[in-house]
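# Structure at a glance
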Amino acid sequence: MASHDKNVAPDLAAIPPLMEWIEQRCEEAGLANELTFKLMLAIEEAATNVVSYAFAEVPPPHYFRVRLDIDDKRCAAELADNGRPFDPSAAPPPDLAKPLEEREAGGLGIHLLRNMADRIEYRREGGENRLRIETARP
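Residues numbered from 1 in each chain as written. Predicted model: local features only at pLDDT ≥ 70, side-chain atom pairs only at ≥ 80, totals over all residues. Heavy atoms only, no water.

Once that is clear, we can look at the sheet that holds strand β5 (residues 128–136). Judged by pairing direction, the sheet is antiparallel, and its five strands sit side by side in the order β1-β2-β3-β5-β4 without closing on themselves. In the strand order of this sheet, the two ends are held by β1 (2–7) and β4 (119–125), each with one partner. Each strand of the sheet is rotated relative to its neighbour by a mean of 15°, with strand direction disregarded. With respect to the sheet, helix α1 (residues 15–28) is in contact with β1 and β2 (64–70), its orientation differing from that of β2 by roughly 15°. Along the sheet face, helix α2 (residues 33–54) touches β2, β3 (74–81) and β5 and points at about 165° away from the line of β5. (Pairing = 2+ DSSP bridges. Helix = DSSP H or I, 4+ residues; strand = E, 2+ residues; numbered from the N terminus. Axes fitted to C-alpha atoms, helices over the stretch in contact; angles between N-to-C directions. Contact = heavy atoms within 4.5 Å.)

See below:
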């Protein structure tokens, strides 16, 4: 199994370099383009949520790191931060049947995350949020 770790600045400007890093690791591992796309989309959504919301009203120092594990059967990312607790796996699904103007803002990113990953798992451990995103390799 190949494992890779990256510290990420808790800033939106750090997301594009993170995505480049993930794409390079996936390419090195020989992942199919479709799987790489799904994984990157899910991680980008989760990472954007971390840097946009996790640290509000939380005194510094803030940290955020991503671990990527790729083997023959799966590709998994774990995002860890010391922000406010938030479990995206417990968020209710958006009501997609309602007209757009009647829907509450937000929730579509988590919906996207759930649809791009085969499994998401959240836990709060030692003052950290840990979100694991997994996709199976065909």
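Moving on: the environment of Pro 60. In this structure, Pro 60 sits in the loop between α2 and β2. Linking Pro 60 and Asn 82, residues 22 residues apart in sequence, is a C-alpha distance of 9.4 Å.

Let's shift gears to α1. Across its 14 residues, α1 extends 20 Å between first and last C-alpha, which sits within 8% of the 20 Å expected from 1.5 Å per residue. Buried within α1 we find Ile 15, Leu 18, Met 19, Trp 21, Ile 22, Arg 25 and Cys 26. For α1, the angular spread of the buried residues around the axis is 160°, confining them to a single face. Along α1, the residues that are exposed and aim more than 90 degrees away from the buried face are Glu 27 and Glu 28. Those residues of α1 that are buried are in contact with β1, α2 and β2. Following α1 by one or two positions, Gly 30 adopts a phi angle in the positive range, close to 75°. (Expected span 1.5 Å × (residues − 1). Buried < 20%, exposed > 50% of the residue type's maximum accessible area, 1.4 Å probe, protein only. Arc of directions from axis to C-beta.)

Okay, the packing of α1 against α2 next. Orientation of α1 relative to α2, taken along the N-to-C sense of each, is 150°, at an axis distance of 10 Å. Comparing their axes, α2 and α1 come out roughly antiparallel. Remark: the crossing between α1 and α2 carries right-handed chirality. Side by side, α1 and α2 meet where Ile 15, Leu 18, Met 19, Ile 22, Glu 23 and Cys 26 of the first sit next to Thr 36, Leu 39, Met 40, Ile 43, Glu 44, Ala 47, Thr 48 and Val 51 of the second. Residue composition of the contact of α1 with α2, by class: ten nonpolar, two polar and two charged. (Parallel < 35°, antiparallel > 145°, perpendicular 65-115°, else oblique. Left-handed = near helix turned anticlockwise from the far one by under 90°. Nonpolar A, V, L, I, M, F, W, Y, C, P; charged D, E, K, R; others polar.)

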